[in-house]
Every structure is written in structure tokens, then in C-alpha cells.
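Descriptive analysis of the structure
So the chains spell out like this:
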Amino acid sequence: MEKALQTMIANMPEKTGKSLEEWKKILKGKSFEKHGEAMKFLKGEHGVTHGFANTIILLSKESHTSPEDLVNAQYKGKENLIPIYHRLIEVVRSLGPDVIQTPKKTSVSIIRKKQFALIKPATKTRIDLGLKLRDRPVTDRLGNSGPFGTMCTHRVQLTTTAEVDDQLIEWLKEAYEQAE
């Protein structure tokens, strides 16, 4: 288990009022069919922040799929995109010790106190990087959120590691800072 996730679990009682095990019992009693329903419950009825709610739900699922397995499954048949993914992860980890990566079935959420980025292998030749950036206009490169909807405000389409350049790193830093 990565250090940031261990820290988040350790801080959970102080930040949310309950331990992970207590949250698991609560969610097990509710048996939500959809992730979004559980998110609404934790955030709305218990005041849990997005990052903690997402982590609680993912860790509560009766699954033996490791985060690495989830990422490997995302890139099956898209192995040429793995260097781009690894470069993005290297950049987001450098932003601060409070960055948490939360792999899901089709994407990886990047969270501080709130989600600020989302990495998704969109096609066999492209990764879509979703960003949450307030007050940023859409440009040719910093496009609208597209399929990410309200999860992100913008999307950058990446086909090579060279596209993880200084400009993109600045956008990631800005999104990270706004997720405080």
C-alpha cells in the first residue's frame, strides 16, 4: 500500500470521525448499487470530503483487486501508453506528499483534499488527462472536459511523453493548489 494512502487511512478517524473499519460497516449495511450513490451518502449525510469518501468506498468494496491490477487492466492492449501514464504519475507525486492516486476500473483519480486530476486511457493511442481548473478558458490544447463531464473542467489529450511538458506540469500544479 502506498504511503499516501496509508497516511489517509491513519488520518481518517480525525478527519471523518470514524475509522475505515467503521465506515466499511456503515456502507455494508447500506449496499449501494452505484459508486455515486455512496458518494452522495457519505458527502451529504456525513460531511465527508470527496477524497475521503472516494477512498472509503473503494476500500470498502469486497474485492481482492489491487490498485496495480486495476491499472494493468486499464492498459491491457494499450501498453504503448504506459510510459505516458508513468510520467504523469511521476509529476503528480512530485507536487506534494498529500497526493493520493486512486485507481478505478477505467481511470485513476488524483486527489489532494479534492480530486484535481483524472488519468484515463481513452483509446489505444491516447490518454485523456482531466483537470479541475477554475477560471481557465478553454484553448486548443486545454480543451473542454468532454467525457469527464463535471468531474473535471478541462481535458488534455496526450499521445506522447513529450506532451507532458512544462505547460502541462504548470496546469497540474495549478489544479493541485486549487484542490486545497
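Residues numbered from 1 in each chain as written. Predicted model: local features only at pLDDT ≥ 70, side-chain atom pairs only at ≥ 80, totals over all residues. Heavy atoms only, no water.

1. Some points on unusual backbone geometry
With a phi angle near 60°, D135 is a residue other than glycine that sits in the positive phi range. With respect to the helices and strands, D135 occurs in the loop between β4 (127-131) and β5 (143-144). Classification of D135 as exposed rests on a relative accessible area of 78%. (Helix = DSSP H or I, 4+ residues; strand = E, 2+ residues; numbered from the N terminus. Buried < 20%, exposed > 50% of the residue type's maximum accessible area, 1.4 Å probe, protein only.)

2. Structural notes on the side chain of S145
By the secondary structure assignment, S145 is in the loop between β5 and β6 (154-158). A polar side-chain atom of S145 sits 3.0 Å from the main-chain carbonyl oxygen of G149. When near neighbours in sequence (up to four residues on either side) are disregarded, S145 contacts C152, T153, H154 and R155. (Polar contact = N/O pair within 3.5 Å; in protein donor to acceptor, adjacent residues only side chain to side chain. Contact = heavy atoms within 4.5 Å.)

3. Examining the sheet that holds β6
Spatially, the six strands line up as an open sheet ordered β1-β2-β3-β4-β6-β5, and their pairing is antiparallel. The open sheet is flanked by β1 (100-103) and β5, the only strands paired with a single partner. Here strand β3 (residues 115-121) runs beside β4; their pairing, made up of five bridges, is antiparallel. Across the sheet, the residue bridging to K120 is D128, located in β4. In the packing of helix α4 (residues 50-60) onto the sheet, the strands contacted are β1, β2 (108-111) and β3, and the crossing angle to β1 comes to about 40°. With respect to the sheet, helix α6 (residues 82-94) is in contact with β1, β2, β3, β4 and β6, its orientation differing from that of β4 by roughly 25°. (Pairing = 2+ DSSP bridges. Axes fitted to C-alpha atoms, helices over the stretch in contact; angles between N-to-C directions.)

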